[in-house]
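Commentary on secondary and tertiary structure
Below are the chains, spelled out letter by letter.
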Amino acid sequence: MTLSPTVLLLIIACIAALLVILIVYIAYKRFTQQRLFAARDAYMERYESLWYRYLVENEPFDDAIVPKTKGAFLAVEQLLLAYVDNVADAQIQQKISDFAQRYLSNYYRHMLAQHKWSRRMNALYRIHDFQLHSLLAPCIALYDKKATTREERYVLMAIFAKYARETFEQHLFTKCYAFSEFEYRRIYVTLPKAQLLDLVTNIERLPTASAQYALIDTLGAMKDLQYVEQLTLLLGADDAELRIRVLKNLHALSWIDDVTLYEPFVQSVIWEERLMVAKILQHVPLAYSEGMLSVLLEDENWWVRQQAAETMMRDPNVLKRNMETTTDRFAKDIAQQVLTKAGIVT
């Protein structure tokens, strides 16, 4: 079947018209974007110094800095974010929050209701950064919508953790979606000590293993000895990975109150637990730990034997004595290697 010249011309004309429309649309979008950026830059040039004098030098507030156009809103957002990210002064942060509550909350409330995902995400990040407590209710409503994405719920949980602790715990225990360990840790580090202690007391209520593991790792990373007691209570947990994480983070805290708590792990069927005990005993005087280390020196796993020998090397005479008295040839070999490397024996 062949098309008549008239039909071909009509098709070509339609395609040309579509191309012209597309070009005009792109040109229009580019023009409006350039105008928007020009308005933003003009605001920045005119008012950036006023913002500095208000926020940093404590000069009186000037109504002139209140944004009235979209370009001005973009400029204010950029300015305030720079201060939020780079200045830790509590007074400046409070001024930013107060300004955002009064002049920006409606702007971000409108963005939260947009169908476009990127606009909602941008609003959520700014609500978090500018401490917009007044938008907590629409944030809670957004979390419960079926169409809300995982990425939105993660930022919402970060908002709740920072400004609505009860709401955070309610959602964490009953409505929380599965996040990665890294994401959970980023949320946990924003919580006060009292709330972290409350969470670890109720760790079995956390919705996923990732949420539990991330909490244990967060406590260890904070290097606060107040968490030692709560962590040791979890040494009897049924979850082997959880126990290993607890042992690892107790080692990181470098504080052992009762060495007898770790004796059962010397005979554990899980070699990672035996390895962590060999590391933890670095923080216990050899007078109290040598018996356990002697057993670990004869362990079937090379990594455990190696760590036991290195822990004993705090006093080379102790390791040398165990090398001479043990009947296990693998224990003798590892002790010989560690002592030789240290130049104690040849």
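Structure first, text after, so check above.
Here the structure is a predicted model, which means the values were calculated and not measured. (Residues numbered from 1 in each chain as written. Predicted model: local features only at pLDDT ≥ 70, side-chain atom pairs only at ≥ 80, totals over all residues. Heavy atoms only, no water.)

Notes on the pattern of salt bridges
The final tally for this structure, using the stated rule, is 15 salt bridges. Note that Glu-273 and Arg-243 form a salt bridge whose closest N and O atoms lie 2.6 Å from each other. Highlighted residues: Glu-273 in helix α15 (residues 271-280) and Arg-243 in helix α13 (residues 240-253), separated in sequence by 30 residues. An identical accessibility class is assigned to Glu-273 and Arg-243; each is buried. A salt bridge links Asp-299 to Arg-274; the nearest nitrogen and oxygen atoms lie 2.5 Å apart. Residue Asp-299 is found in the loop between α16 (286-297) and α17 (302-312), and its partner Arg-274 is found in helix α15; the two are separated by 25 residues along the sequence. Given the relative accessible area of 10%, Asp-299 is considered buried. (Salt bridge = Lys/Arg side-chain N within 4 Å of Asp/Glu carboxyl O. Helix = DSSP H or I, 4+ residues; strand = E, 2+ residues; numbered from the N terminus. Buried < 20%, exposed > 50% of the residue type's maximum accessible area, 1.4 Å probe, protein only.)

A word on the packing of helix α7 (residues 150-163) against helix α9 (residues 181-188)
Two quantities define a packed helix pair, namely the angle between the axes and the distance from one axis to the other. For the pair α7 and α9, interaxial distance at closest approach is 9 Å and the crossing angle is 25 degrees. Classified by the interaxial angle, the pair formed by α7 and α9 is roughly parallel. Handedness of the α7/α9 crossing: right-handed. Of the residues in α9, those touching α7 at Arg-150, Tyr-154, Met-157, Ala-158 and Ala-161 are Glu-183, Arg-186 and Ile-187. (Axes fitted to C-alpha atoms, helices over the stretch in contact; angles between N-to-C directions. Parallel < 35°, antiparallel > 145°, perpendicular 65-115°, else oblique. Left-handed = near helix turned anticlockwise from the far one by under 90°. Contact = heavy atoms within 4.5 Å.)

Topic: a nonpolar patch on the surface
Among the surface-exposed residues, Leu-8, Leu-9, Ile-11, Ile-12, Ile-15, Leu-19, Leu-22, Ile-23, Tyr-25 and Ile-26 lie close enough to one another that they form a single nonpolar patch of about 1,000 Å² accessible area. Position of Ile-26 relative to the elements: it lies in helix α1 (residues 5-55). (Patch = residues over 30% accessible without salt bridge, like charges linked within 9 Å, V, L, I, M, F, W, Y side chains within 5 Å. Areas by Shrake-Rupley, 256 points an atom, 1.4 Å probe, with all protein chains shown as cover.)

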